[in-house]
Amino acid sequence: MADVTALTFLALCLPLIGALAAPLVIRAFGAGGAWLLAVAPLLAFLHFLRLLPQIAHGEIITGGYDWVAGLGLRFSWFLDGLSLTFALLITGIGTLIVLYTGGYLKGHPDQGRFFSFIFLFMGAMLGVVVSDSFLMLFIFWELTSITSFLLIGFDHEREAARRAALQALVVTGGGGLLLLAGLLLLWGQAGVAQLSELLQFGDVIRGSPLYFATLLLVLGGAFTKSAQFPFHFWLPNAMEAPTPVSAYLHSATMVKAGVYLLMRLNPVMGATPAWEVLLPIFGGLTLVTGSVLAIRQTDLKLKLAYTTVSSLGLLVLLTGFGSDYAIEAAVLYLVAHSLFKGALFMVAGIIDHETGTRNITRLRGLRKAMPLTFAIAMAAAFSMAGLPSFFGFLAKEEIYTALVGDDLYSILATTIAVFGNALMFAIAFAVALRPFLGRPVETPKPPHEAPVLLWLGPAVLALAGLLAALFSGVIHGAISSPMASAVAGTHKAVSISLVPHIGVPLALSLLTILLGIAVYWQLDRARTLVAYLLHSVRGPDRGFDHVIAGLVRFAYHVIGIVQPKRLDVYVACTFLCVAAILFVPLISHDELPLGFVWPADLRLHEAGIMLIAMFGLAAVLIARDRLTAIVSLGIQGFAVALIFLLFGAPDLAFTQFMVETLAVVILALVMTRLRLSPTDPRHGTRRLFDIALSLACGLGFALLLMRATDAPFNTALTDFFNAHSKLIAHGANVVNVIIVDFRGTDTLGEIAVVAVTGLAILALIRIRGNSERRLATNDPDAEEA
């Protein structure tokens, strides 16, 4: 078990190692370095592949390391059929994406940086699906948003790329905050902070009065990450990223994170009316929205992006549907979608890379110039369309088996699924057939077959879709059944094969094919019709711009109120907070010291020094110019230092002497550069307010100190320092030992603050000196300086 723990930890670290090594490897080997870099995700894939037999036999592998054991916080992982399947998809497809990137970005000056981002993205997504700890899950969840921001905005010189990256970060990052609140509620209800332990508290969570609030927060995180309606708009815009990002993001990584979360929490939060209503409704809306919008597009990547939105909607619908076969259908379709969508995106990238365009209206007759790419595209399209003998066919048959029923709920869900699948059928062959058939047309670049680094990845994925269907029994035993069992929370044995279900499911499959052929045959008219119907519709994408603009305006007005660029207002607000902090606890806990007794043993010279301090304070208040106030403040400060000295605190008195001396000298030097005439603008009520505020703060501190000194003195710290200062720190002066040894880091921080402040003052003085010299020499840059 120790070996498994160590190897799993290493597998999780391999993408991070790849991110560090990528710039050096690419600088040394160029595009060929992709072969070397692909070793990192390949080794992680082989490690997870080695665990398949254990997981297939029902074992659950957990491990990790304690972080804050007292709070139950661990860096821990949890591998079952669900997380292991995702880990295999992430590392397996990730290996192919690394190779594909080597060919696609060959010669790009920032290829090393891109590889680093891809590996970081891979590591973040891998962390999401294997996390057992709530904390670890949330951290990796947000890291996927951050790394996707870097990837989507990789071509940061283009405004569209920057906007798409910001949009993805805002939507998914905001959803992550909702998820954090949901996880905290789950933690509070179940009392555990590990997913593996949470699975035992399903009845507790479903019976909690906070269940619905928790569900809405969790769905907020899942729906934003997996682009569910109305948050679907960010995903197609993410196509501004280079094609390797699109292929990876849509097939095995970020957009599947929300689906993973819903599947993971299904045994805990599923099987409730709210779950079985909200998920199918939003999943169905997303399925229809994505399918219809995909018809309107002419860009190959955008067409595929909107079908990803549709597929994610279908997965959410199935996860929440509640029938016996729905979970099995969701599992099969998730795996099938990862294979065919990754292949088709890479095919779209090949077409763009070798012809110079992705516009489907400008592509024809590529079959002779790119026969291998055509064959790969057709294989992936067959699986996406749900045709035999590909894994997508098994998924589609199971979908219809799961949804068919004689009640209105089932009929509506089945109708939506048929409609969405028919449109995806048409889009699949629009991508795989339209660019390759017909008479060749002129393209920006003469078309030719892609190099091996480009076609290897989609070829492997398309072939995997075929082999998975042909050897479905093996795949079900190793992957499908363990995954379905983990999602359902009970044992599930997936048994569907290439032999179709005779009856309604087969009829619905045939209906899907016929409708898909009809839409494909009239694709241009369908695109024109959808564009006409949606011409005046302002979708969430436009709404996002309005929300961001409104937020900026709101922030501007709020900042105008809370930061009016007036120092006196800032100081007044600060002291208002201080007064509230002092008085509210004393009053609310009934701790006000109501009696004051003049100390009977107060000596004459002590009273005289206190009187001097009071005279110094009065002198500050009645001073007519700033320089007099500074000197008077020094008198008051020195008197306080003498009081410290008389009451047995020489170290504190010495510090006070030093501070007062430096304060008087520095302030006097600064004031000589300013006008020293009275400039106090306060009059009337403002002056009364400031007097009341200062008295409140002073009285508050006095009352707090009086209450503190009334309490019995606790000698625990005194005894500790007396006992250990000599023994541990080898110092006889307890105060010095506390400052230098026990509070060494704190003292070092104070020194650092003083040093930084001094450097900042020095920089300001030099800037002013340079400005004065430029003005003296009539330098034209002086005003700007």
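Note that the structure is a prediction, hence the values are computed from the model and not measured. (Residues numbered from 1 in each chain as written. Predicted model: local features only at pLDDT ≥ 70, side-chain atom pairs only at ≥ 80, totals over all residues. Heavy atoms only, no water.)

> What is the right way to read the overall build of the protein from this model?
The helix and strand tally for the protein stands at 33 helices and two strands. Here the C-alpha radius of gyration of the protein, 35 Å, is well above what a compact globule of 785 residues would show, namely 28 Å. Counting only C-alpha atoms, the protein reaches 110 × 70 × 55 Å along its principal axes. Taking the contacts inside the protein whose residues are at least 6 apart along the sequence as the reference set, 78% of them involve residues at least 24 apart. In the form shown here, the protein has an accessible surface area of approximately 38,100 Å², with 70% of it arising from carbon and sulfur atoms. In the protein, the 48 positive side-chain charges and the 48 negative ones have mean positions that sit 11 Å from each other. (Helix = DSSP H or I, 4+ residues; strand = E, 2+ residues; numbered from the N terminus. Rg over C-alpha atoms; globule rule 2.2 N^0.38 Å. Contact = heavy atoms within 4.5 Å. Areas by Shrake-Rupley, 256 points an atom, 1.4 Å probe, with all protein chains shown as cover. Lys, Arg positive; Asp, Glu negative; His and termini not counted. Charge placed at Lys NZ, Arg CZ, Asp CG, Glu CD.)

> Teacher, can you tell me more about the pattern of salt bridges here?
Between side chains of opposite charge, a pair can form as their charged atoms come close. Enumeration over the complete set of coordinates arrives at 14 salt bridges. As a salt-bridge pair, D524 and R527 come within 2.6 Å of each other at their nearest N and O atoms. Placement of the pair is D524 and R527 together in helix α24 (residues 523–533), with a separation of three residues, close to one helical turn. Judged by relative accessible area, D524 falls into the partly exposed class, the value being 36%. One salt-bridge network, held together by shared partners, links R566, D568, R686 and D690. (Salt bridge = Lys/Arg side-chain N within 4 Å of Asp/Glu carboxyl O. Buried < 20%, exposed > 50% of the residue type's maximum accessible area, 1.4 Å probe, protein only.)

> What exactly am I supposed to notice about the side chain of T319 here?
Tracing the sequence through the fold places T319 in helix α16 (residues 300–321). A residue is classified by how much of its surface remains accessible, and T319, at 3% relative accessible area, is buried. There is a polar contact of 2.7 Å between the side chain of T319 and the backbone oxygen of L315. Once residues lying within four places of it in the same chain are set aside, the contact partners of T319 are L262, M263, N266, W275, L279, I327 and A330. (Polar contact = N/O pair within 3.5 Å; in protein donor to acceptor, adjacent residues only side chain to side chain.)

> I keep staring at helix α11 (residues 211–225) and nothing clicks. Help me out?
Every α-helix winds through 3.6 residues per turn, so residues three or four apart in the chain are directed the same way. Spanning 15 residues, α11 covers 21 Å between terminal C-alpha atoms, matching the ideal 21 Å at 1.5 Å per step. Within α11, eleven of the 15 residues are buried, which leaves it mostly tucked inside the rest of the structure. Residues of α11 that are buried include every one of Y211, T214, L215, V218, L219, G220, G221, A222, F223, T224 and K225, and no others. Once α11 finishes, A227 follows within two positions and takes phi at roughly 55°, a positive value. (Expected span 1.5 Å × (residues − 1).)

> Honestly, unusual backbone geometry in this entry has me stumped. Any pointers?
Trans is the common state for peptide bonds, and a negative phi is the common state for residues other than glycine. The residue after F229, namely P230, is reached through a cis peptide bond having omega 5°. When you line up the elements, P230 lands in the loop between α11 and α12 (234–237). Of note, the amide linkage connecting P388 to S389 takes the cis form, showing an omega dihedral of 0°. Locating S389 in the fold gives a position in the loop between α18 (371–385) and α19 (391–403).

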